[in-house]
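Next come the chains, spelled out residue by residue.
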Amino acid sequence: MFGIVRPCTHRLGDALRTEWMAHLCGLCLALRADHGQFARIVTNYDGLIVSVLTEAQTARTPQGRRTAGPCPLRAMRTAPVARGEGAKLAAAVSLVLASAKVRDHVADGDGMLARRPVAAAARRVAAGWDRAGARSGAALGFDTAVLVDAVDRQTGIEALAGPGTPLLTVTEPTETATAAAFAHTAVLAGRPENAAPLAEAGRLFGRLAHLLDAVEDQTADAAAGAWNPLTATGTPLTEARRLADDALHGIRLALRDADFADDRLVHVLLAHELRTSVDRAFGSTTCSHQPGPYTPGNPYAPGGPGPGGPLPPEPPRRDRRGLIAGCLVWAGLACTCQMCCGTHEDPWSGERKEGLCSSCDCGSCCDCCSCCSDGCSCCEGCDCGCDC
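These figures come from a predicted structure and were not determined experimentally. The numbers attached to residues start from 1 for each chain and follow its sequence in the written order. In view of the model being predicted, local features appear only for residues whose pLDDT reaches at least 70, and side-chain atom pairs are presented and counted only at 80 or more, with totals across whole chains, interfaces and linings using the full set of residues. As a rule here, side-chain values cover all heavy atoms of the structure and leave hydrogens and water aside.

Visitor: Is there a simple way to explain the overall build of the protein in this structure?
Guide: In this description a helix means any DSSP run of H or I spanning at least four residues, a strand means any run of E spanning at least two, and both kinds are numbered starting from the N terminus. Within the protein, the secondary structure is distributed over 12 helices and 4 strands. Long-range contacts, defined as pairs at least 24 residues apart, comprise 67% of the intrachain contacts of the protein with a sequence gap of at least 6. All accessibility values rest on the Shrake-Rupley procedure with a 1.4 Å probe; residue burial counts only the protein chains present in the view. With an accessible surface of roughly 18,000 Å², the protein has 58% of that area assigned to carbon and sulfur atoms. Contact definition: two residues touch when any of their heavy atoms are within 4.5 Å.

Rendered as structure tokens:
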């Protein structure tokens, strides 16, 4: 699972958490339906934003949801999931994104991909994903060639980049690809007037994705001798942060120019959670839901002066599973890493639990973002202290 927008479920609230999961599961199931079980491996956090944007521009209808069967990542429970053209476009884009990521790892010789037979097999898989994405995109009127072309141009640009090369020259192919994907959501939604502002939001989102990936990988790339855009162009972290903050501001302005039927989830993901992603990448964020020293200004952090300190535990569920059913769910959670790396329900009691090694990036519980999950939009004058 990859992507830069990894929202904290504590801040989303019940309503938006359900919506976010509906799009995530909808993307996963769209991949399975159109491209087979193995394609589900390319499910990613950023791809679902395409689905979110498509639905946000249209009025919600009952046909936009269906009830999916039990899944290990949902503790073997059913759930409403998004379906339709938005989920299919997200699947097509995700396939091409994953193909690009595989090729990048092959080029860098990461891990097992340093071996020629494994690298050759990975290239074949990536090529298959390109073709599958092209078929799905064509059915929606979206030409994925712009994405594939961006991936191909990226390699040439990186080969020519050196000290003094503007960092934005390196990020341009990613910007072009994401701009095209974001803009096409307006076409699917029947809102052509939104194409230009969403293309701008997508362009800046692509810039951020490339920047944050470079920042997070710089140390590891240096140790492995792998190519990194910051190191190659001699760009200091201060300049990278300035570009990231400018992109954040530009995305908020672009979203203001687009017309949405319901922009709550879009706003939370692309205004607030994206800002948190930037803070996380540059090491300037903390999480109040993790044990640790009290952080001034966060009354709900452990040891803080706020009412009750830590958040109260959820009441125990009564629908306990039996021994055998619970063991089956436990095996599913363990095999999918959800028990270690995500939020899940206890296999037997159904209580909400954090993964053993989870590190939620949710910032302060009293962040203004909570208002966005209560039915209002900060962009429409909500008095939550939000400056966007």
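Visitor: Sorry, what's going on with the pattern of salt bridges here?
Guide: Take a side-chain nitrogen of Lys or Arg and a carboxyl oxygen of Asp or Glu: if they are within 4 Å of each other, that pair is a salt bridge. Evaluation of the coordinates by the stated rule reveals 17 salt bridges. Here Glu19 ties to Arg65 by a salt bridge, and the two come within 2.5 Å at their closest N and O atoms. Of this pair, Glu19 sits in helix α1 (residues 9–35) while Arg65 is found in strand β1 (residues 65–71), placing the two residues 46 residues apart along the sequence. When its relative accessible area of 12% is taken as the criterion, Arg65 is described as buried. Between Asp279 and Arg241 there is a salt bridge, with its nearest N and O atoms 2.9 Å apart. Here Arg241 lies in helix α9 (residues 237–256) and Asp279 lies in helix α10 (residues 264–281), a separation of 38 residues in the sequence. Asp279 gets classed as buried once you look at its relative accessible area, which sits at 17%. Think of it in three bands: residues with accessible area under 20% of the maximum for their type are buried, residues over 50% are exposed, and the middle band is partly exposed, with areas taken using a 1.4 Å probe on protein chains only. Relative accessible area serves as the criterion here: at 22%, Arg241 is assigned to the partly exposed category.

Visitor: How should I be thinking about the environment of Thr185 in this particular structure?
Guide: Within the secondary structure layout, Thr185 lies in helix α6 (residues 167–189). Remark: the alpha-carbon pair of Thr185 and Thr54, spanning 131 residues in sequence, is separated by 4.8 Å.

Visitor: Is there a simple way to explain the packing of aromatic side chains in this structure?
Guide: Aromatic pairing here means that ring centres of Phe, Tyr or Trp (its six-membered ring) are within 6.5 Å. Orientation follows from the plane angle: under 30 degrees is stacked, over 60 is edge-to-face, and everything else is tilted. The tally for this structure, following the rule as stated, stands at 3 aromatic pairs. Ring geometry for Trp20 and Tyr45: centres 5.8 Å apart, planes at 20 degrees, overall stacked. Of this pair, Trp20 sits in helix α1 while Tyr45 is found in the loop between α1 and α2 (48–56), placing the two residues 25 residues apart along the sequence. A relative accessible area of 6% places Trp20 in the buried class.

Visitor: In this structure, what is going on with the pairing of strand β2 (residues 77–82)? I would like to understand it.
Guide: Across a regular strand the side chains alternate sides, sitting on one face of the sheet and then on the other. Criterion used throughout: strands pair if DSSP finds at least two bridges between them. In this sheet, β2 lies alongside β1 in antiparallel orientation, the contact comprising 5 bridges. Note on β2: the bridge partner recorded for Ala68 is Ala79. Joining the antiparallel neighbours β1 and β2 is a turn of 5 residues, in which Ala75 adopts a positive phi near 55 degrees.

Visitor: Got a minute to help me understand the confidence of the model for the protein in this structure?
Guide: Caution applies to low-pLDDT regions: their predicted coordinates should not be interpreted in detail. Scored by pLDDT, the protein has a mean of 79; 73% of the residues are at 70 or more. When pLDDT is averaged over each helix and strand of the protein, the minimum, 48, is found for helix α12 (residues 338–341) and the maximum, 96, for α9. Confidence drops under a pLDDT of 50 for residues 286–318, and excluding neighbours within four residues, the segment shows 56 contacts in the predicted structure. The low-confidence segment residues 356–385 (pLDDT under 50) makes 73 contacts with residues lying over four places distant or belonging to another chain. Confidence of the predictor at the level of single residues is given by pLDDT, which spans 0 to 100.

Visitor: What am I meant to see in α10 here?
Guide: Since one α-helical turn is 3.6 residues long, residues separated by three or four positions face the same way. For α10, built from 18 residues, the straight-helix expectation of 26 Å at 1.5 Å per residue is met to within 8% by its first-to-last C-alpha distance of 24 Å. To get the bend at any residue, fit one axis to the seven residues that end at it and another to the seven that begin at it, then take the angle between the two axes. Along its length, α10 shows its largest kink, about 35 degrees, at Glu273. Counting buried residues along α10, 16 of its 18 residues qualify, which places the element largely inside the surrounding structure. Immediately downstream of α10, the backbone of Gly283 shows phi near 70 degrees, a positive value. An expected span of 1.5 Å times one less than the residue number is assigned to each helix.

Visitor: Is there a simple way to think about the packing of α1 against α2 in this case?
Guide: Relative placement of two packed helices is described by the angle separating their axes and the distance separating the axes. α2 packs onto α1 with a crossing angle of 120 degrees between their chain directions and a minimal axis gap of 9 Å. Considering their axes alone, α1 and α2 lie oblique with respect to each other. Every pair of crossing elements has a handedness; the one defined by α1 and α2 is right-handed. Between α1 and α2, the residues in contact are Glu19, Trp20, His23, Leu24 and Leu27 and Leu48, Ser51, Val52 and Glu55, respectively. Here the contact of α1 with α2 is composed, by residue class, of 5 nonpolar, 2 polar and 2 charged. Where helices are involved, their axes are fitted lines through C-alpha atoms of the stretch in contact, as for all axes, and angles between N-to-C directions lie from 0 to 180°. Note on terminology: angles under 35 degrees are roughly parallel, angles over 145 are roughly antiparallel, angles of 65 to 115 are roughly perpendicular, and the others are oblique. Crossings are classed by handedness, with left-handed meaning an anticlockwise turn of the near helix from the far one by less than a right angle and right-handed meaning a clockwise turn. Charged residues are taken to be Asp, Glu, Lys and Arg, nonpolar residues to be Ala, Val, Leu, Ile, Met, Phe, Trp, Tyr, Cys and Pro, and polar residues to be all remaining types, Gly included.

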